[in-house]
Amino acid sequence: MTGSFLAGVGGYLPTRIVSNDELAMTIDTSDTWIRERTGIIQRHIADDRETAAFMGAAAARAALDRAQIGIANVDAIIVATSTPDQGFPSTATAIQAQLGVTKGFAFDISAACSGFVYGLSVADAMLRTRQCRAALVVGTEVFSRLMNWQDRSTCVLFGDGAGAAVLTWDDETDDASGRGIISTHLHADGRFGDILYIDGATGQSTKPQKLVMNGREVFRHAVGKLSDAVEEALHANGLTSADIDWLVPHQANLRIIDAMGKRLNLRQDQVVVTVDRHANTSAASIPLALAEAYADGRIKPGHLVLIEALGGGLTWGAALIRA
Ligand code: UT7
């Protein structure tokens, strides 16, 4: 049975932008350090109204608009978030209510920064087995509410935002073009749970908790594990890096992104970068980057797009998409 088709992608970013210089007014850091070590220039920060569900619903509406699919057709909502509005009900059901969807099913998944790749994989599997017909996969995060704003080693790295993709299948067109989700490759290794985690109870993105990260260790794992996942994805489909049109990586650090581009022998202009303007928006970073590259016409029908991410868990994965 053939897979699912990525029909549209959309994003939402809070209006408030915080520059590196603004952060340097309250903590011991500098624009130079942040740019040189991470590539980040600014980040968007949510206001009280902009919860994970609010931003996720906005991104979902944008994705549905681009897909030209009516809300009434949506029958699955899968939300990747580490900053849900509440422990339960899920952010997915909150988004369902905000969109006015009253059929199908909705649930959250927890895979930290790999959440969108995980969500895409789950949605693709459910579409392949015809458990739904039009699925929204949403990554939405308000990491600003998890930050210890006195910890310069983490608080400069993250931002808020949401991205969403609409996946569908269509009996008439699903096999001829080869377009759609080609394959997804997920991994986790819980032995490394202590190098990136949220300290404290989860489930209230409106209450302060603390994100803890051993950045150097996460960095050490990132390039190796991501390279392996990417190699696995290419090998599984008899493809090589020369076949890739676009790398749309998780946006954590420009040095990791550049290293991945080099390993794949890609030109710099084949790598979609948003970390400079968005910082690390965790599960939202890939759909936000995809939304930008689809909207400005870089990704065109038929292009081969590779996505990859690594995050807390550790979790990581890659997926190949024919746009
Ligand atoms: O999305 C989930 C996955 N996350 C990631 O992939 C993040 C992976 N890790 C990273 O991106 C990098 O490790 C960081 C950006 C977090 C840190 O970069 P680094 O080159 O590994 O720096 P470091 O942690 O080794 O710190 C170097 C120095 C330290 O000072 P000393 O000990 O050498 O004197 C830090 O205290 O930089 C200092 N430092 C800062 N200085 C100014 C740490 N944060 C800051 C800061 N401003 N904001």
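The following refers to the structure shown. These figures come from a predicted structure and were not determined experimentally.

This part is about unusual backbone geometry. With the exception of glycine, the majority of residues adopt a negative phi angle, and the majority of peptide bonds are in the trans configuration. The omega torsion across Phe88 and Pro89 is 0°, close enough to zero to call that bond cis. Mapping Pro89 onto the fold places it in the loop between strand S4 (76-80) and helix H4 (91-99). Residue Gly313 is joined to Leu314 through a cis peptide bond whose omega torsion reads -15°. Looking at the element boundaries, Leu314 is found in the loop between strand S12 (304-311) and strand S13 (315-322). Unusually for a residue other than glycine, Ala279 sits at a positive phi of about 60°. Tracing the chain through its elements places Ala279 in the loop between helix H9 (275-278) and helix H10 (285-295). In this model, Ser282 sits at a positive phi of 55°, which is unusual for a non-glycine residue.

Take the layout of surface pockets next. Quantified by volume, the largest pocket comes out at close to 720 Å³. When residues of the lining of the largest pocket are traced back to their parent elements, those giving at least two are helix H2 (31-38), helix H6 (152-155), helix H7 (215-236), helix H8 (254-263) and S12. Looking at the lining of the largest pocket, its residues break down into 15 nonpolar, nine polar and six charged. When residues are assigned to domains, the lining of the largest pocket turns out to be shared by domain 1 (3-170) and domain 2 (180-322), each giving three or more.

This part is about the sheet that holds strand S11 (residues 246-249). Strand order in the open sheet made by the four strands is S8-S13-S12-S11, with mixed pairing throughout. The open sheet terminates on both sides in strands that have one partner only, identified here as strand S8 (180-188) and S11. Shown here is a sheet whose adjacent strand axes are inclined to one another by a mean of 15°, direction ignored. Summarising the sheet, S11 and S12 pair through four bridges and their orientation is parallel. The residue of S12 that forms the bridge with Leu247 is Leu306.

Moving on, we come to the sheet that holds strand S5 (residues 105-109). Overall, mixed pairing links the five strands, which are arranged S1-S7-S6-S4-S5 in an open sheet. Bordering the open sheet on either side are strand S1 (5-12) and S5, each of which pairs with just one other strand. With direction set aside, neighbouring strand axes in the sheet form an average angle of 15°. Note that S4 and strand S6 (residues 134-142) share five bridges and pair parallel. Along S6, the bridge assignment pairs Ile77 with Leu136.

Attention shifts here to the environment of Tyr294. Inspection of the secondary structure assignment puts Tyr294 in helix H10. Separated by 284 residues in sequence, Tyr294 and Gly10 place their C-alpha atoms 9.0 Å apart. Tyr294 has contacts with Leu6, Val9, Arg66, Ile299 and Ala323, leaving out every residue within four places of it along the chain.

Rules behind the numbers
Residues numbered from 1 in each chain as written. Predicted model: local features only at pLDDT ≥ 70, side-chain atom pairs only at ≥ 80, totals over all residues. Heavy atoms only, no water. Helix = DSSP H or I, 4+ residues; strand = E, 2+ residues; numbered from the N terminus. 1 Å grid on protein atoms, 1.4 Å probe; cavity = no way out; pocket = protein on both sides within 12 Å on 5 of 7 lines; lining within 4 Å. Points joined across faces, edges and corners; volume = space filled by probe spheres on them. Nonpolar A, V, L, I, M, F, W, Y, C, P; charged D, E, K, R; others polar. Domains from an automatic or database assignment. Pairing = 2+ DSSP bridges. Axes fitted to C-alpha atoms, helices over the stretch in contact; angles between N-to-C directions. Contact = heavy atoms within 4.5 Å.

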